[in-house]
Amino acid sequence: MASEQNEELWQQASPLLLPSAAATQSLGALVAQAALGFLAPSGQQKSPPPSRSLGSTSGLVILLEGNLGSGKTTFVQGLGQGLGIPEPIDSPTFVLVQEYHTGRIPLFHCDLYRLETSSAARAGGKESTLLEDLGLEELWSQGGITAIEWPQYLRHLPATYLWLRLQPHPQQEGARLLYAKGKGSQTAQLWQQVLSQFTQQDPEEKRIHFSP
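Everything numeric in this text was worked out from a predicted model, so none of it was measured. (Residues numbered from 1 in each chain as written. Predicted model: local features only at pLDDT ≥ 70, side-chain atom pairs only at ≥ 80, totals over all residues. Heavy atoms only, no water.)

Glancing now at the packing of aromatic side chains. A complete count under the given rule lists one aromatic pair for this structure. Taken together, a centroid distance of 6.3 Å and an interplanar angle of 70° make the contact between Y161 and W163 edge-to-face. A single burial state applies to Y161 and to W163, both of which are buried. Here R165 stacks its cationic end above the ring of Y179, 4.2 Å away from the centre of that ring. (Phe/Tyr/Trp six-rings, centres within 6.5 Å; stacked < 30°, edge-to-face > 60°. Buried < 20%, exposed > 50% of the residue type's maximum accessible area, 1.4 Å probe, protein only. Lys NZ or Arg CZ within 6 Å of the ring centre and 35° of its normal.)

In C-alpha cells, the structure reads:
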C-alpha cells in the first residue's frame with residue numbers, strides 16, 4: 001500500500017452548488033455508490049480485501065466540515081441511501097459514533113462536536129489522542145465508509161481521505177456550496193466520478209488540482 005507521504009493532496013477548482021437538501025442527499029448517495037466500486041468486491045456485501053482499499057486505509061474516510069445546520073448529517077443520510085441502509089440516520093452527537101452494518105458495506109457516522117478529552121484519558125500524565133479514545137483508526141480500517149463531522153477536532157488524519165466543506169449559499173436560500181479536497185489519487189478519482197454523474201457543468205469547473 002502507498003504510504004501517507006506518497007499520497008497526493010488535491011482540491012477541486014471551484015465549489016459545487018447544492019440547490020436543496022435533496023441535492024445534498026443525492027450527492028451523498030452518489031459518493032456511496034462510487035465507493036462501492038472501489039471497496040466492495042464483485043458479488044460480496046461486506047468488507048473488501050486490502051487490494052481494493054483506497055490508498056493506505058482499507059475504507060473511505062469522509063471528513064465533513066461546516067457549521068451547525070450546514071447539511072453534514074443530510075449528506076450522511078444520502079450515504080445511507082446509496083448503501084441501501086434501511087434504518088434512519090440521525091446525528092450521533094450524544095453517542096459520538098453510530099455504526100450501521102445493514103448496508104452493502106459498513107457505514108460509521110462520527111460527530112465530534114461535543115467531544116472533550118476526559119480526565120481518565122490523562123491518567124498517569126499521558127495524554128491520549130482522540131484516535132486512541134474513540135478507536136477511529138480501527139473504524140476506518142474495516143473496509144467501509146467512515147463519515148466524520150467536525151474533523152477539525154481530530155489530532156491525526158488518515159493517510160487518505162475526502163474532505164468536504166459545506167456552507168450556506170450567500171444569495172440563494174436553502175442552497176449550499178460544497179468545497180472538496182482530499183488526499184490520495186484514488187479518492188480524487190472517486191470524486192471525479194461523482195462529479196461527472198452529478199453535474200453537467202463545464203469540465204473546467206470540475207478540475208482537480210494536485211498540490212506539489
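This part is about a nonpolar patch on the surface. Taken together, the side chains of L68, Y113 and Y153 present a nonpolar region at the surface, about 310 Å² in accessible area. Note on placement: Y113 falls in the loop between β5 (107-111) and α3 (130-134). In this structure Y113 comes out as partly exposed when scored by relative accessible area, which is 35%. (Patch = residues over 30% accessible without salt bridge, like charges linked within 9 Å, V, L, I, M, F, W, Y side chains within 5 Å. Areas by Shrake-Rupley, 256 points an atom, 1.4 Å probe, with all protein chains shown as cover. Salt bridge = Lys/Arg side-chain N within 4 Å of Asp/Glu carboxyl O. Helix = DSSP H or I, 4+ residues; strand = E, 2+ residues; numbered from the N terminus.)

Grouped burial of nonpolar side chains is what soluble globular proteins tend to show. Ranked by internal contacts, the top residues of the largest apolar core, which has 36 residues, are V31, I62, L79, I145 and W191. Listed by contribution, the elements that provide at least two residues to this core are β2 (16-18), α1 (21-39), β3 (60-65), α2 (72-83), β6 (145-149), β7 (161-168), β8 (176-183) and α5 (185-198). If you look at the next biggest cluster of nonpolar residues, it comprises 13 residues, including L112, L136, W150 and W163. (Core = buried A, V, L, I, M, F, W, Y, C linked by side-chain atoms within 4.5 Å.)

Our focus in this paragraph is the packing of α1 against α2. One can describe the packing of α1 onto α2 by two numbers: an axis separation of 6 Å at closest approach and a directional angle of 45°. Here α1 lies oblique to α2, going by the angle between them. Every pair of crossing elements has a handedness; the one defined by α1 and α2 is right-handed. Across the interface between the two elements, A21, T24, Q25, L27, G28, A29, V31, A32, Q33 and L36 of α1 pack against T74, F75, Q77, G78, L79, Q81, G82 and L83 of α2. (Axes fitted to C-alpha atoms, helices over the stretch in contact; angles between N-to-C directions. Parallel < 35°, antiparallel > 145°, perpendicular 65-115°, else oblique. Left-handed = near helix turned anticlockwise from the far one by under 90°. Contact = heavy atoms within 4.5 Å.)

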